[in-house]
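Structural characterization, general
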Amino acid sequence: MIPGALREEVARDGETIVFVAPERLLETMTWLKNTPGQEFNYLVDVTAVEFRDRERPLQVVYFLRSLTRKADLRVKVELAASAELAVDSVWGLWHGADWLEREVFDMFGITFRGHPDLRRILMWETYAEGFPLRKDFPLRGRFSRAEQVRQALNANPEAHYSLDELSIADAWGDIPEDMRERLKRGERGTITE
Amino acid sequence: MKRVVDGKEVSGQSPNYLLAKFQNLVDWAVNSSRANSLWPMPFGTACCAIEFMATAASRYDFARFGMERQAFSPRQADVLICAGRLPFKLAPVIRRIYDQMPQPKWVISMGACASTGGIFDNYAMVQGIDTIVPVDVYVPGCPPRPEGLLYGILLLHKKIKGESLFDAERRRDEQPLDEKGLRLSPAEIDEVSEPFGNSVHQFRSS
């Protein structure tokens, strides 16, 4: 029996879905990765689902694959929409979860506790309209078009790189001095009033 | 030759006649040179860029119209061709590219998305790049066929040949952003970004 599992379902395509209690997610994932006979050593994707029915909880979905056993597993965590949307990060198990969890945070506003660098990844970092894939988010955004254009034009296109990304690219010595200063201060661009 | 000046009939050429002839000659020479050696700066973001590549390749070959050299640096480019949809995240990028291009410069907005936002009437997409940079020629289509882009380029040639070096209004030197960082007033941006076509049936809240 998988530790922390609440119930299991079989999806239409024959894949198994395991529902896990949020507070036991990390324990379950560690078990799934390290236990012989499970060996889910590859995290394919992390995503989230919000339903039209506001009463239903949000789901965070983890797609796991075992490259050695050639097996797939889906793990779901349900988060009540009324409570705090937070779940433990699995970055410590699969480093590939870094950007996947950032994307879920960007689009749904779900916080991943213990994530090393949780900031927006698709929208720019000064984006102030909310989380676009939530059901209460209007399709055209919350602000007027003029305000959206103003904020976009005032965003700093260089500010999307973190210090880590730049040092990985060995570009630290090549970027302009003022940009280095901004990045040292962690400055992400400002919106003028 | 008889002319009427201040109600009196006078003979002879206007004193401005030679100057006008000279200006026309200079304009003709300069505009022909500009129109027939346009260096495009491709800004390809989506499927329109595929058609743009087809236009540049051997079958359609816009090098026939003097666009042999594609400048992948804005500092050596004459015409910015925005091929594809433009998300808000790229708005400061295209504005910076436009600002880096030397005068004289022109912009072609290629395809429905670059011109109007197209089918992407959502939170992430600029509703027409004319809210970001001034546009000279809009090429409709989704994406436009290479013939469509070539027609747009020929229209731009026509526009360039109609310009005059001696008419300061026609060639505004800079179109800087105002203190809010916009090139149009907020009301104008809202107006050109309004839903049209099928997207009027979609409510802002849905």
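Values in this document were obtained by computation on a predicted structure and should not be read as measured data.

Moving on to the overall build of chain B. Scanning chain B for helices and strands turns up 6 helices and 6 strands. When its helices and strands are written in sequence order, chain B yields β-β-α-β-α-β-α-β-α-β-α-α. Its C-alpha atoms give chain B principal-axis dimensions of roughly 75 × 45 × 30 Å. Of the contacts made within chain B by residues no fewer than 6 positions apart, 77% connect residues no fewer than 24 positions apart.

Working note: non-glycine residues mostly have negative phi, and peptide bonds are mostly trans. The omega torsion across B:Gln103 and B:Pro104 is -5°, close enough to zero to call that bond cis. Here B:Pro104 is to be found in the loop between α3 (91–100) and β5 (106–110). In this structure, B:Pro143 follows B:Cys142 across a cis peptide bond, with omega equal to -15°. Within the secondary structure layout, B:Pro143 lies in the loop between β6 (137–139) and α5 (146–161). Here A:Glu39, not a glycine, exhibits a phi torsion of approximately 50°, which is positive. Mapped onto the elements of the fold, A:Glu39 is located in the loop between α1 (25–34) and β3 (42–49). Even without glycine at this site, A:Lys70 takes up a positive phi of about 55°. In this fold, A:Lys70 is placed in the loop between β4 (58–66) and β5 (71–79).

Looking now at the pairing of β5(A). Each regular strand carries side chains that alternate between the two faces of the sheet. Residues and elements named next belong to chain A. Here 4 bridges tie strand β2 (residues 16–20) to β5, and the two strands are oriented parallel to one another. The residue of β5 that forms the bridge with Val20 is Val77. Summarising the sheet, β4 and β5 pair through 9 bridges and their orientation is antiparallel. Bridge assignment links Leu64 to a residue of β5, and that residue is Leu73. Between β4 and β5, which follow one another and run antiparallel, lie 4 residues, and Lys70 among them has a positive phi close to 55°.

All right, on to the packing of helix α2 (residues 48–56) of chain B against α5(B) then. The angle between the axes and the distance between the axes are what describe a pair of packed helices. All names here are of chain B. Contact geometry of α2 with α5 gives a least axis separation of 9 Å together with a crossing angle of 75°. One element, α2, and the other, α5, form an angle in the roughly perpendicular class. The residues of α5 that touch α2, namely those facing Glu51, Phe52, Ala54 and Thr55, are Pro146, Leu149 and Leu150. A breakdown of the residues in the contact of α2 with α5 according to their chemical character gives 5 nonpolar, 1 polar and 1 charged.

With that settled, the discussion passes to the environment of A:Arg7. Mapped onto the elements, A:Arg7 comes out in strand β1 (residues 5–10). Separated by 13 residues in sequence, A:Arg7 and A:Val20 place their C-alpha atoms 7.5 Å apart.

What follows covers the nonpolar core. Nonpolar side chains in soluble globular proteins generally cluster together in the buried interior. Counting residues in each nonpolar core, the largest one holds 48 residues, and the members touching the most others are B:Val79, B:Leu80, B:Ile81, B:Cys82, B:Ala91, B:Ile94 and B:Met110. Sequence-distant contacts of B:Ala91, that is, excluding residues within four places in its chain, are made with A:Val149, A:Ala152, A:Leu153, B:Leu86, B:Val126 and B:Ile132. Judged by nonpolar contacts, the second largest core, of 27 residues, contains A:Leu25, A:Ala48, A:Leu100 and A:Met107.

Residues and elements named next belong to chain A. Taken in spatial order, the 5 strands make up an open sheet running β1-β2-β5-β4-β3, and their pairing is mixed. What marks the edges here is a single partner per strand, and that holds for β1 and β3. Looking at each pair of strands side by side, their axes are set apart by 20° on average, direction ignored. As paired elements, β1 and β2 share 5 bridges and run antiparallel to each other. Bridge pairing in β2 places Glu9 opposite Ile17. The strands touched by helix α2 (residues 97–108) are β3 and β4; relative to β3, the strand with the most contacts, the crossing angle is about 5°.

Time to look at the confidence of the model for chain A. Mean pLDDT for chain A: 83, with 84% of residues reaching 70 or above. Element-level pLDDT for chain A is lowest in helix α4 (residues 163–168) of chain A, with a mean of 56, against a maximum mean of 94 in β3(A).

Okay, the packing of helix α1 (residues 17–35) of chain B against α5(B) next. All names here are of chain B. Closest axis-to-axis distance for the α1/α5 pair is 9 Å, and the angle between their directions is 160°. By the angle between their directions, the pair α1 and α5 is classed as roughly antiparallel. Considering how the two elements wind past one another, α1 and α5 form a crossing that is right-handed. Along its contact with α1, which presents Asn31, Ser32, Arg34 and Ala35, the element α5 presents His157, Ile160 and Lys161.

Another aspect to go through is the domain arrangement of chain A. For chain A, the assigned domains are domain 1 (1–122) and domain 2 (124–193). Listed per partner, the contact involves 8 residues of domain 1 of chain A and 9 residues of domain 2 of chain A.

Turning our attention to the environment of A:Ser82. All names here are of chain A. If you trace the backbone, Ser82 turns up in the loop between β5 and β6 (86–88). Take Ser82: there are 9 C-beta atoms within 10 Å of it, and that puts it in the exposed class. Sequence separation between Ser82 and Pro57 is 25 residues, and the spatial gap between their C-alpha atoms is 8.5 Å.

Another point: α2(B). Of all the residues in α2(B), the buried ones are B:Cys48, B:Glu51, B:Phe52 and B:Thr55. For α2(B), the arc enclosing every buried residue in end-on projection is 105°, short of the 170-degree limit, so these residues lie on one face.

Definitions and cut-offs
- Residues numbered from 1 in each chain as written.
- Chains lettered and ligands numbered in written order.
- Predicted model: local features only at pLDDT ≥ 70, side-chain atom pairs only at ≥ 80, totals over all residues.
- Helix = DSSP H or I, 4+ residues; strand = E, 2+ residues; numbered from the N terminus.
- Contact = placed C-beta atoms within 7 Å.
- Pairing = 2+ DSSP bridges.
- Axes fitted to C-alpha atoms, helices over the stretch in contact; angles between N-to-C directions.
- Parallel < 35°, antiparallel > 145°, perpendicular 65-115°, else oblique.
- Nonpolar A, V, L, I, M, F, W, Y, C, P; charged D, E, K, R; others polar.
- Core = buried A, V, L, I, M, F, W, Y, C linked by C-beta atoms within 7 Å.
- Buried ≥ 20, exposed ≤ 12 C-beta atoms within 10 Å, placed from the backbone.
- pLDDT = per-residue confidence, 0-100.
- Left-handed = near helix turned anticlockwise from the far one by under 90°.
- Domains from an automatic or database assignment.
- Arc of directions from axis to C-beta.

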